[in-house]
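Residues per chain, in single letters:
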Amino acid sequence: MTDHKVLPLPPSLYADTAVPPATTPPLDSDRTASVAIIGGGFTGLSTALHLAEQGVEAVVLEAQQPGWGASGNNGGQLNPGLKFDPDTIEATFGPDLGGRMIAFAYDTPNVAHDIIRRHGIACEARQNGTLRAAYHSKSAAGVESTAQQCLRRGMPVEFLDRDTIQRMTGTDRYVAAMLDRRGGDVHPLSYARGLAQAAIKAGAAVHGQTPVLSVRRDSGRWHVQTPRATVHADKILIATNGFTDDLWPDLRRTIVPVFSAITATEPLPDAVARAIMPTRPVLYESGNITVYYRIDSGNRLLMGGRGPMRPIRDAAEISYLTRYAARLWPTLSGIRWTHAWNSQLAMTADHYPHVHEPGPGVLAYLGCNGRGVALASSMGRQLARRLIGGDSATIDLPITTPKTIALHALWPVAVKSVVVWGRLRDRLGL
Ligand SMILES: Cc1cc2nc3c(=O)[nH]c(=O)nc-3n(C[C@H](O)[C@H](O)[C@H](O)COP(=O)(O)OP(=O)(O)OC[C@H]3O[C@@H](n4cnc5c(N)ncnc54)[C@H](O)[C@@H]3O)c2cc1C
């Protein structure tokens, strides 16, 4: 038996307030399965759920516990769309695939809410809309153009002028915004745990503290080695995102793992919370460095952005965020920031999420680029269809050959300088 380091959850607000976890014991004896899924975040768990609903035997192998990675530690925002505007997506991928990508990506919050409703997942889910807010005239023009492109396609969005966005956020920071009514939020760790429970109930097996050490193909099957036992599977799904290691040659070098950090206040007095976001949408900024925030159902303000490229536990380590919050809402003075934590997401060089089929019966999905709550949940449904034997059009993203990123080892330095440069530009108002 190989030693495995059991890591605690990051010290998040979610770890203190989530629903109890499902029972997910380590795998301790050899078994067979149709599909072995490596990674127990939204991608792996949603795929397992959708496979099990089709009667396909799926086994999730998670190195820590379901939701331990980005899935249980994120901003909880269910945001529609991809990084790029609809027109850019269509110009890049053509009207057929591009059109499917747009329809898929903007519908992802609806799919996530549908999963939550169908399985009765208790995760504080709300659908009060996503605001993409601009604080420079330059980014306001970009937001307005996105809104026009969405409106042309019949989507339920609105372009908000300065007065309206100021009323919706209680700050005069923003000059414009787009409201997309499909967006919303969840308690992400409760959602991940609820997905694990739903997958188990539907017939999937979910094993925590079961790192996959190697995969090997022999006699037409995959042999997935864990510390105590082997899974013999027809197919495998690699769903390890920002924690991708060297399990599959070079996959790690197709993404850049980046930390994102969040800090949360104590529950705010009702009047303060109402003055900040009376209708409780979620918001992310369109700027050089993205800041995102929401007020949760316990009236806490959760504010996220870039931070140190190492684990953190104290709000003082991301004081730029608390200072920024105080600048937006001076009424926060005297409020305590009770939690601070971070986790790793996966960036790709082209800023699109990637689907690969790097070997026979192997599927990999990674690179949510900071938009994975709704996206990975919905992608799970499509990955399941493909694993069951659907053609490549069952996936509304291109299936591409993995491409390693040039000078990958230098990327952590590059990310750090982009963050520092972005903050400087924001400060200078560029
Ligand atoms: C701080 C933060 C804030 C974010 N905010 C938002 C947001 O508000 N909205 C949004 O849409 N997206 C957000 N994201 C992105 C989103 O959380 C991710 O895109 C999404 O959770 C990815 O899910 P996943 O299942 O692909 O990966 P993960 O949840 O990271 O899961 C991967 C899992 O694989 C496991 N693993 C790795 N290697 C192995 C192995 N060899 N064997 C077994 N298991 C293994 C890891 O333990 C991990 O649990 C945020 C991310 C972070 C970090």
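Before reading further, recall that the structure is shown in the block above.
All of the points below concern the structure found in this document. (Residues numbered from 1 in each chain as written. Predicted model: local features only at pLDDT ≥ 70, side-chain atom pairs only at ≥ 80, totals over all residues. Heavy atoms only, no water.)

**A word on the overall build of the chain**
Link 1 in the chain: Per the secondary structure count, the chain includes 11 helices and 19 strands.
Link 2 in the chain: A compact globule built from 430 residues would reach a C-alpha radius of gyration of about 22 Å, and the chain, at 21 Å, matches this within 12%.
Link 3 in the chain: Burial statistics for the chain: of 430 residues in total, 58% are counted as buried.
Link 4 in the chain: A separation threshold of at least 6 residues defines the contact pool for the chain, and within that pool the share at least 24 residues apart is 74%.
Link 5 in the chain: Roughly 17,500 Å² of accessible area belongs to the chain as shown, and the carbon and sulfur atoms make up 53% of that amount. (Helix = DSSP H or I, 4+ residues; strand = E, 2+ residues; numbered from the N terminus. Rg over C-alpha atoms; globule rule 2.2 N^0.38 Å. Buried < 20%, exposed > 50% of the residue type's maximum accessible area, 1.4 Å probe, protein only. Contact = heavy atoms within 4.5 Å. Areas by Shrake-Rupley, 256 points an atom, 1.4 Å probe, with all protein chains shown as cover.)

**Quick word on the nonpolar core**
Link 1 in the chain: The biggest cluster of nonpolar side chains holds 62 residues, and the ones touching the most others in it are I37, L51, Y191, L195, Y365 and L383.
Link 2 in the chain: When residues of this core are assigned to their parent elements, the largest contribution, 10 residues, is made by helix 4 (residues 95–118).
Link 3 in the chain: Ignoring sequence-local partners within four residues, the contact set of Y191 consists of F42, A112, I115, I116, I121, C123, V186, V373 and S377.
Link 4 in the chain: Within the second largest apolar cluster, 33 residues are counted, among which are A261, A273, M303 and L328. (Core = buried A, V, L, I, M, F, W, Y, C linked by side-chain atoms within 4.5 Å.)

**What about the site of the ligand?**
Link 1 in the chain: Every one of the 35 residues lining the ligand counts as a neighbour, but T43, E62, S71, Q77 and G372 are closest to it.
Link 2 in the chain: Within the side chain of T43, an N or O atom sits 2.7 Å from an oxygen atom of the ligand.
Link 3 in the chain: A distance of 2.9 Å is found between an oxygen atom of the ligand and a backbone nitrogen or oxygen belonging to V373.
Link 4 in the chain: For the ligand, whose accessible area on its own is 1,000 Å², the fraction buried by protein is 97%.
Link 5 in the chain: Contributions of two or more residues to the shell around the ligand are made by helix 2 (42–53) and strand 16 (337–347).
Link 6 in the chain: A total of three residues in the shell around the ligand trace back to one element, the largest contributor, which is strand 16. (Near = heavy atom within 4 Å. Polar contact = N/O pair within 3.5 Å; in protein donor to acceptor, adjacent residues only side chain to side chain.)

**Notes on the sheet that holds strand 15 (residues 301–306)**
Link 1 in the chain: One open sheet accounts for eight strands, arranged 5-6-4-13-14-15-12-16; its pairing is mixed. Single-partner strands in this sheet number two, and they are strand 5 (157–160) and strand 16. Pairwise comparison of adjacent strand axes, ignoring direction, gives a mean angle of 20° for this sheet.
Link 2 in the chain: For strand 4 (residues 130–134) and strand 6 (residues 176–180), the ladder comprises five bridges, and the chain directions are antiparallel. (Pairing = 2+ DSSP bridges. Axes fitted to C-alpha atoms, helices over the stretch in contact; angles between N-to-C directions.)

**Re the packing of helix 3 (residues 86–93) against helix 4**
Link 1 in the chain: Where helix 3 contacts helix 4, the axes come no closer than 7 Å and their chain directions differ by 145°. At the point where helix 3 passes helix 4, the crossing takes the right-handed sense. When helix 3 is examined against helix 4, the residues P86, I89, E90 and F93 are found in contact with a partner set consisting of P95, L97, G98, G99, M101, I102 and Y106.
Link 2 in the chain: For the contact of helix 3 with helix 4, the class distribution of residues is eight nonpolar, two polar and one charged. (Left-handed = near helix turned anticlockwise from the far one by under 90°. Nonpolar A, V, L, I, M, F, W, Y, C, P; charged D, E, K, R; others polar.)

**A look at the packing of aromatic side chains**
Link 1 in the chain: With the rule as written, the count across this model stands at seven aromatic pairs.
Link 2 in the chain: Between the aromatic rings of Y293 and W329, the centroid separation amounts to 5.0 Å while the plane-to-plane angle is 90°, which identifies the pairing as edge-to-face. With Y293 in strand 14 (residues 292–295) and W329 in the loop between helix 9 (319–328) and strand 16, the pair connects residues that are 36 residues apart, well separated along the chain.
Link 3 in the chain: According to the relative accessible area criterion, W329 is buried, its value standing at 2%.
Link 4 in the chain: Between R173 and the ring centre of Y135, over which it is positioned, the NZ or CZ distance is 3.8 Å. (Phe/Tyr/Trp six-rings, centres within 6.5 Å; stacked < 30°, edge-to-face > 60°. Lys NZ or Arg CZ within 6 Å of the ring centre and 35° of its normal.)

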